[in-house]
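If you want the building blocks of each chain, they are given just below.
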Amino acid sequence: MRRVAGVLAMLLALVLVIAGAATAIVVGPDNRVVTGPHEIDTEAVAVVTKPSALSWSGPTVSVLVEVPDEKPVFVGLGSAVDVEDYLQQTARVQVDDISVPWKIATSSVQGRKNLPASPTALDWWLADAAGLGGASTSFTLPNQTVSLAILSVGDSDLEGLQVTAAYDVSGGFGSGIGLVALGLGLAVLGWLLVRQRHLLQPENVEEVVYVYIDDDGVEHEIDPATAHEYEIVEDVELTDPGQPASRWHVPGWMGR
Amino acid sequence: MTGRARGAVIAAALALVLSATTACAVPQRKDDLSVTKVAAQPEEIGQIYDRYAGVRANALKLLDPDPLRTIESGPVLAIDAGSLQVARRLSQTREIDSSQDLTVETVLAPRLGAYPLWFVAVVRDGVREVIRVQIFQRDSATSQWEMVTSPETLVSTVLPSFALDADSALEPVDAGDADGLALAPQAAVDAYAAALADPSTPGATYVLDDSFIEQMREAATASASIKGVEFSQDWGTKPVQYALRTSNGGALVFATLLRQDSYDIADGRAVNWPEGSEQKAFLAGKLYTAGILRYYHQVLMYVPPDGEGKPRVLGQYGGVVSGEGS
């Protein structure tokens, strides 16, 4: 039973070590998984995620958007209700699906070639940033349904848009290392459990018996001190399954 | 296994691992991806109301309705603009109190799936000693919050408590939904307007003869008693946009009633309105042939649960919005 438990513990330990090491390697000491820059081919003024595309909550995500020629650009996260109403009549690239770390499916939505109002004038963004040539914002994905919008500002468009995303996993690296340590500890425990079976059994004690054989061929057991006075002529090792091994030393008659 | 499924497995494994070892933020698949939001959060509502109160204070101080156009819309703007027009005329004869003391007591918002978004603010007006039950609305993602209705109740009036969902959001009731109610909100408001127009109409029996109905009938009787003037009064309703479930299963309905007072002057006679009256403000000079005054009355109606009484009005806010005469 202990042997089975030990083996299971070591298997679990293996999983933990692999998972912990993988987590630590992927996340890195800065607790961040970065992907990009990725180009999004568009000449529209808006790139926006479909409400169902951001289907996770909890992690902190940083998004850096860059456009060439110092064009003004905006990136913002808003409730899907607000973003949908804002962009409902605007031609845009819609990101229908996102697979982590970065695989997107997009579709084009026809509409007007301009925004109904400057995004920087709106007060309902949950997180936003704007800049010339690039903008970066960071946010924790909330439980409500949200959309991420990348928008051109003024008369420009998003041609040449590149997006870099970073997923912050707070404490991820430490967790990975912790898992490795936990796995190693579990491995040691498992090994001890497996080994315990042998440790609990009687120790293999080598029993040495000294035997003197007289001229008539009769064996006489003698003590070690007496035996040292004789020459050992034969060394016989006897084993009996289930019994400790016995070593027989047969001193020859040397005379006194 | 598809890439999506593989990603989900990896994410789930990562989530399991992280949740088992640390207290860090763990990605979780959202249970509900419906496109809805609670119209506004309390801290946001506080800022909206502060802006409203500031602009309103300036409008009152200057007796100028123009600033109100940035914070109000619809019938309430018409009522307030008319009120300021009357006040400006009154100011020529007496001093107007333009002070205000507004304290927001409760703010609540429903969960909505599309614009217009709106929320309710229950505000105590310390100057007029009334409770204002106001609704602010945002028509689109690019527009400002504006107050659209503001019925007033006496401080002593006990308002039914609102029903709230798991997110502490208000529960709207469809205007045509009579489920569990004495009457559907729109039907109750229509019956109320019918009772105001003609007490003998069969629909009048569906609503309670409350103090507002009595007050309006008294005013109509007084106008009809002017010698040489044939007076008539008509009532109508606007479609009900806002109705909220109360915790006892009833509904609070915000409705706008339209009232038109018509005066036909007999030949050879003239009517001169008292100085400072709303008629004087809108119907300048004497009236020789005919005149019409149009009013909006925003009412807060309580529709009780089915079998627990008749709909009744708890409060109102109204005034003249336009007039013409010769």
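Residues numbered from 1 in each chain as written. Chains lettered and ligands numbered in written order. Predicted model: local features only at pLDDT ≥ 70, side-chain atom pairs only at ≥ 80, totals over all residues. Heavy atoms only, no water.

Notes on the overall build of chain A
Part 1: Per the secondary structure count, chain A includes four helices and 15 strands.
Part 2: In chain A, which comprises 256 residues, the share counted as buried stands at 41%.
Part 3: For chain A, the share of sequence-separated contacts (at least 6 apart) that also reach a separation of at least 24 residues comes to 76%.
Part 4: Looking at chain A as shown, the accessible area adds up to about 14,000 Å², and 55% of this sits on carbon and sulfur atoms. (Helix = DSSP H or I, 4+ residues; strand = E, 2+ residues; numbered from the N terminus. Buried < 20%, exposed > 50% of the residue type's maximum accessible area, 1.4 Å probe, protein only. Contact = heavy atoms within 4.5 Å. Areas by Shrake-Rupley, 256 points an atom, 1.4 Å probe, with all protein chains shown as cover.)

Considering the environment of D157(A)
All names here are of chain A.
Part 1: As for its position among the elements, D157 is in the loop between β10 (146-152) and β11 (162-168).
Part 2: Sequence separation between D157 and D82 is 75 residues, and the spatial gap between their C-alpha atoms is 22 Å.
Part 3: Excluding residues within four positions of it along the chain, D157 makes contact with E43, A44, K71 and S152.
Part 4: At 3.0 Å, the side chain of D157 forms a polar contact with the side chain of K71. (Polar contact = N/O pair within 3.5 Å; in protein donor to acceptor, adjacent residues only side chain to side chain.)

With respect to the interface of chain A and chain B
Part 1: Contacts between the two partners involve 34 residues from chain A and, on the opposite side, 29 residues from chain B.
Part 2: Here chain A meets chain B over a buried area of about 2,600 Å², counting both sides, of which 60% is carbon and sulfur.
Part 3: Viewed at the interface, chain B and chain A are joined by two salt bridges.
Part 4: Along the contact surface separating chain A from chain B lie 12 residue pairs in polar contact (both at pLDDT 80 or more).
Part 5: Mapped by element, the contributors of at least two residues to the side of chain A that touches chain B are α1 (2-27), β3 (56-57), α2 (80-87) and α3 (172-200) of chain A.
Part 6: Here the side of chain A that touches chain B takes six residues from α2(A), the largest share from any one element. (Buried area = accessible area lost by both parts, 1.4 Å probe. Salt bridge = Lys/Arg side-chain N within 4 Å of Asp/Glu carboxyl O.)

Re helix α4 (residues 185-197) of chain B
Residues and elements named next belong to chain B.
Part 1: Taking 1.5 Å of rise per residue, the 13 residues of α4 would be expected to cover 18 Å, and the 19 Å separating its terminal C-alpha atoms lies within 8% of that figure.
Part 2: Turning to α4, its buried residues are P185, Q186, A188, V189, A191, Y192, A193, A195 and L196.
Part 3: Lining the buried residues of α4 we find α5 (211-224), β9 (229-237), β10 (242-245), β11 (251-265), β12 (290-303) and β13 (312-325). (Expected span 1.5 Å × (residues − 1).)

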